[in-house]
Each structure stands twice: as C-alpha cells, then as structure tokens.
Amino acid sequence: MHAVKLPLAVTVAGLAFLAGCKSTPDFPPRSDVEAATETKPVPPTTILTDPTASDRYNAELESWGERVQSAGVKLCRYFKARGMAVDCPEPAGSAAN
C-alpha cells in the first residue's frame, strides 16, 4: 500500500482546524460556582442576648446573600450566552429605580 502525500497547505489547514477544536469542556468560572455554593453563616448564640452581635450577624447574612445572588446572576448570564433559554435578573443593588 502506498502512502498518500498531501500538499503542505492542506496539512497546515487541517492542523489549524484541529487546533481550534476544544478538547476540554467549557465550564463557568470557578469563582462563580464556589460563590454560589458558599455556606450560609451560622448564627452565634450571642445574638440572643447581645444586640450588637445580632446586628453583626444580620449584616454578615445580608452580605452572604448578596454574594450568592450575584454569583447566581453571573452563572445565569454564562448559561444564557451559551444558548440556555433563561431570564436573568439584575444583581442586587443594580436595579434601576
């Protein structure tokens, strides 16, 4: 059997095409996935008796919720850009009044 010799231009074009093919999946940003799955803060027992501790916990809980929601919106936009039929809300604090 004889080997087929391809012109150099065809070989280069074929290699360029194959180089453009992704061999790994296209995942969303790791930071967004990790933020969207961040554990909810655990309330300290002092919130029952100390108003300052309660205020600190409430602020921490609000901040956590905003981070998780922001990451969820980023993930929503990521999947929407890749063709998923989904409506994505605005991140917290960015809605026009």
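What you are looking at is a predicted structure, and each value in this text was computed from that prediction instead of being measured. (Residues numbered from 1 in each chain as written. Predicted model: local features only at pLDDT ≥ 70, side-chain atom pairs only at ≥ 80, totals over all residues. Heavy atoms only, no water.)

This part covers the packing of aromatic side chains. The full count for this structure, using the stated rule, is 1 aromatic pair. For the pair Tyr-78 and Phe-79, a centre-to-centre distance of 5.1 Å together with 85 degrees between the ring planes defines the contact as edge-to-face. In this structure Phe-79 comes out as partly exposed when scored by relative accessible area, which is 35%. (Phe/Tyr/Trp six-rings, centres within 6.5 Å; stacked < 30°, edge-to-face > 60°. Buried < 20%, exposed > 50% of the residue type's maximum accessible area, 1.4 Å probe, protein only.)

Let us now look at the state of the cysteines. Tallying each qualifying case throughout the model produces 1 disulfide. At a sulfur-sulfur separation of 2.1 Å, the disulfide partner of Cys-76 is Cys-88. One quick way to see it: the torsion about the S-S bond of Cys-76 and Cys-88 is about -90 degrees, and its sign makes the bridge left-handed. Residue Cys-76 is located in helix H3 (residues 51-81), and its partner Cys-88 is located in the segment after H3; the two are separated by 12 residues in the primary sequence. (Disulfide = S-S within 2.5 Å. Helix = DSSP H or I, 4+ residues; strand = E, 2+ residues; numbered from the N terminus.)

Turning to the pattern of salt bridges, a few remarks are in order. When charged atoms on two side chains of opposite charge get close, those side chains can pair. Inspection of every chain in the model, using the stated rule, returns 5 salt bridges. Between Asp-26 and Arg-82 there is a salt bridge, and its shortest N-O distance comes to 3.0 Å. Placement of Asp-26 in the loop between helix H1 (8-20) and helix H2 (30-36) and of Arg-82 in the segment after H3 is noted, with a sequence separation of 56 residues between them. Residue Asp-26 is classed as partly exposed on the basis of its relative accessible area, which comes to 42%. Here Arg-82 falls in the partly exposed class, since its relative accessible area comes to 46%. Across the salt bridge formed by Arg-77 and Glu-90, the nearest N and O atoms sit 3.6 Å from each other. Linking Arg-77 in helix H3 with Glu-90 in the segment after H3, this pair joins segments that are 13 residues apart in sequence. Look at Glu-90 and you get partly exposed, because its relative accessible area is 48%. (Salt bridge = Lys/Arg side-chain N within 4 Å of Asp/Glu carboxyl O.)

Let us look at the confidence of the model for the protein chain. Averaged over the protein chain, the pLDDT score is 82; the fraction of residues at 70 or greater is 69%. Ranking the elements of the protein chain by mean pLDDT puts H1 last, at 54, and H3 first, at 95. (pLDDT = per-residue confidence, 0-100.)

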